[in-house]
Amino acid sequence: MEILKLKPVFKDYIWGGTRLKSDFGFESDLDKLAEGWMLSCHKDGKNIIENGEYKGKTLDEVIEEKGKEKVVGTRSLDFPYFPVLIKLIDAKDNLSIQVHPDNDYAQRVEGEFGKTEIWYVLDATDDAQLIYGFKNKISSEEFVDAIKNNTLTDVLNSVKVKKGDLLFIEAGTVHAIGKGTLVAEIQQNSNTTYRVYDYGRLGADGKPRELHIDKAVDVSKTEPPKYDIKPMGEPEKFNDYTKTLLTKCDLFTVNHYELNGKVTLEADEKSFNHVLVVDGAGTINDVDFKKGDSFYIPANYGKYEINGKCEIIVTNI
């Protein structure tokens, strides 16, 4: 199989901005582009292939046609669904304070899998902050009281962020992206979100957006986060590039590359590779790419070469 270029799926949530248009050159009739789904086989938004033999088909159609093991890899057999969903997120305003369930709860209550995710900060204003867990461990009863008394933000852990920061957000971690932040998100393939607090905003229908207090209390870990706000690995410098391990867990492995030259990567029989171009330009196996391009390299593809002056995020399972 060839390398597949994917067309993003855009979402126009009320907190979104215009940087996905101005900075990445994405074209859309939507006024706001809150999210670009760069790798998705989720029912709420599926990527269409833009090149080659499978042009016009969705990625999940190709997987079904060619076979999961061949296209996604042998590790995918551990998952009854396509394992990841990758987004670019532009927060012009604060996102709702929210939490995601784990697999057991989500399957029992929502009929889909839970959601553990990472945020890699691509850019942030000087005052940008994210909510990441709680300042101190509290009881579920204290959590409910804080929601009822409108003091929730007083007990949550708000952290200032900058370009290059990495947050690992396990299912059950209360969190929110703050205004002025541009994020790459790699997550489990799930769209289940429980809103805890939404700043009293109104939705497109003029009514307050729905909250999910009972479910949020059920699944939330009311304690400080376990992880530092930094990549898992230190930068490794090579002749033409610097490689940084962002995250390695049982769900996905994510690396960041800063290139000024070339790097040879490989998609073996175990897993596909996904390449997201977050800055610069270059070529992937002599095919030109620019900032915002998204490529799916099928499992079993073998070695491929990326050449250019660019930043890329490479994900596999």
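Residues numbered from 1 in each chain as written. Predicted model: local features only at pLDDT ≥ 70, side-chain atom pairs only at ≥ 80, totals over all residues. Heavy atoms only, no water.

Asks: Report on the sheet that holds strand E9 (residues 117-124), specifying residues and quantitative values.
Replies: With respect to topology, 6 strands assemble into an open sheet ordered E2-E3-E7-E14-E9-E12, the strand pairing being antiparallel. Edge strands, defined here as strands with exactly one partner in the open sheet, are strand E2 (9-11) and strand E12 (166-169). The mean angle between the axes of side-by-side strands here comes to 20°, regardless of whether they run parallel or antiparallel. Of the strand pairs in this sheet, E2 and strand E3 (residues 35-39) are connected by 3 bridges, and their pairing is antiparallel. Looking at the pairing, lysine 11 lines up with glutamate 35 of E3. (Pairing = 2+ DSSP bridges. Helix = DSSP H or I, 4+ residues; strand = E, 2+ residues; numbered from the N terminus. Axes fitted to C-alpha atoms, helices over the stretch in contact; angles between N-to-C directions.)

Asks: Account for empty space enclosed by the protein, naming residues and giving values.
Replies: Under the counting rule described, the total for this entry stands at 1 cavity of 30 Å³ or more. Approximately 90 Å³ is the volume attributed to the largest cavity. For the lining of the largest cavity, the class distribution of residues is 5 nonpolar, 1 polar and 4 charged. (1 Å grid on protein atoms, 1.4 Å probe; cavity = no way out; pocket = protein on both sides within 12 Å on 5 of 7 lines; lining within 4 Å. Points joined across faces, edges and corners; volume = space filled by probe spheres on them. Nonpolar A, V, L, I, M, F, W, Y, C, P; charged D, E, K, R; others polar.)

Asks: Can you tell me about unusual backbone geometry, naming the residues and giving the values?
Replies: The residue aspartate 286 is not glycine, and still its phi comes out positive at about 70°. Looking at where aspartate 286 falls in the secondary structure, it is placed in the loop between strand E19 (273-284) and strand E20 (287-290). Although it is not a glycine, asparagine 300 adopts a positive phi angle of roughly 75°. On the secondary structure map, asparagine 300 appears in the loop between strand E21 (294-297) and strand E22 (302-316).

Asks: Could you give an account of the layout of surface pockets, naming the residues involved and the relevant values?
Replies: Vacant regions in the atomic arrangement are exposed by a probe of water-molecule size rolled over the atoms. One number sums up the size of the largest pocket: a volume of about 420 Å³. Contributing to the lining of the largest pocket are 24 residues, with Tyr13, Trp15, Gln98, Thr193 and Arg195 lying nearest its centre. Those elements giving two or more residues to the lining of the largest pocket turn out to be strand E7 (84-91), E9 and strand E13 (175-176). Taken together, the residues of the lining of the largest pocket break down into 9 nonpolar, 7 polar and 8 charged.

Asks: Please provide a residue-by-residue account of the nonpolar core, values included.
Replies: Residues Leu39, Leu59, Phe82, Leu88, Leu122, Tyr296 and Ile313 are the most contacted members of the largest nonpolar core, which totals 42 residues. Sorting the residues of this core by element identifies strand E1 (4-7), E3, helix H2 (59-66), E7, E9, E12, strand E14 (181-188) and E19 as the ones contributing at least two each. Apart from residues lying up to four places away in sequence, phenylalanine 82 is in contact with Leu39, Cys41, Leu59, Ile63, Val72, Asn189, Phe272 and Tyr296. (Core = buried A, V, L, I, M, F, W, Y, C linked by side-chain atoms within 4.5 Å. Buried < 20%, exposed > 50% of the residue type's maximum accessible area, 1.4 Å probe, protein only. Contact = heavy atoms within 4.5 Å.)

Asks: Please give an account of helix H5 (residues 140-148) that cites residues and values.
Replies: Restricting attention to buried positions, one finds in H5 the residues Phe143, Ala146 and Ile147. The buried residues of H5 occupy an angular sector of 100° when projected down its axis, which confines them to one face. Of the exposed residues in H5, those oriented more than 90 degrees away from the buried face are Glu141 and Lys148. Elements in contact with the buried residues of H5: strand E10 (129-134), helix H6 (152-155), strand E15 (194-197) and helix H7 (213-219). Looking one or two places after H5, you find asparagine 150, whose phi comes out positive at around 60°. (Arc of directions from axis to C-beta.)

Asks: I'd like a rundown of the pattern of salt bridges, residues and numbers included.
Replies: With the rule as written, the count across this model stands at 22 salt bridges. For lysine 137, the salt bridge is made with glutamate 223, and the minimal N-O distance between the two is 3.6 Å. Of this pair, lysine 137 sits in the loop between E10 and H5 while glutamate 223 sits in the loop between H7 and strand E16 (236-237), and the two are 86 residues apart along the sequence. Overall, the relative accessible area of 62% leaves lysine 137 in the exposed class. Here glutamate 170 ties to lysine 221 by a salt bridge, and the two come within 3.8 Å at their closest N and O atoms. Of this pair, glutamate 170 sits in the loop between E12 and E13 while lysine 221 sits in the loop between H7 and E16, placing them 51 residues apart in sequence. Judged by relative accessible area, lysine 221 falls into the partly exposed class, the value being 34%. Via salt bridges that share partners, Glu35, Lys87, Lys115, Glu117 and Glu185 belong to a single interconnected network. (Salt bridge = Lys/Arg side-chain N within 4 Å of Asp/Glu carboxyl O.)

Asks: Can you lay out the environment of alanine 216 for me, pointing to particular residues and giving the numbers?
Replies: Note on placement: alanine 216 falls in helix H7. When the C-alpha atoms of alanine 216 and valine 99 are compared, they prove to be 6.3 Å apart, with 117 residues separating the residues in sequence. Other than its neighbours up to four places away in sequence, alanine 216 contacts Val99, Phe143, Tyr194 and Val196.

Asks: Explain the environment of glutamate 236 to me, using residue names and the numbers behind them.
Replies: Tracing the backbone through its elements, the reader meets glutamate 236 in strand E16. Sequence-distant contacts of glutamate 236, that is, excluding residues within four places in its chain, are made with Tyr241, Thr242 and Lys243.

Asks: Requested: an account of the pairing of E22, with residues and values cited.
Replies: As judged from the 15 bridges shared by strand E18 (residues 253-267) and E22, these two strands associate in the antiparallel manner. In the sheet register, histidine 256 faces E22, and the bridge partner there is isoleucine 313. Direction of pairing for E19 relative to E22: antiparallel, over a ladder of 10 bridges. If you follow alanine 281 over to E22, its bridge partner there is lysine 309.

Asks: Could you give an account of the packing of aromatic side chains, with specific residues and numbers?
Replies: Geometrically, a pair of aromatic rings is defined through the distance of the ring centres and the angle of the planes. Tallied over the full model, the rule gives 16 aromatic pairs. A ring pair is formed by phenylalanine 79 and tyrosine 81, whose centres lie 5.9 Å apart and whose planes are at 85°; its orientation type is edge-to-face. Exposure class is identical for phenylalanine 79 and tyrosine 81. Each is buried. Within the aromatic cluster, the residues linked to one another by ring pairs are Phe10, Phe24 and Phe26. Directly above the ring of tryptophan 37 sits lysine 11, whose terminal nitrogen or CZ lies 4.7 Å from the centroid. The lysine or arginine in question, lysine 291, covers the ring of phenylalanine 24, its NZ or CZ lying 4.8 Å from the ring centre. (Phe/Tyr/Trp six-rings, centres within 6.5 Å; stacked < 30°, edge-to-face > 60°. Lys NZ or Arg CZ within 6 Å of the ring centre and 35° of its normal.)

From the geometry alone we can't say anything about function, so treat these as descriptive.
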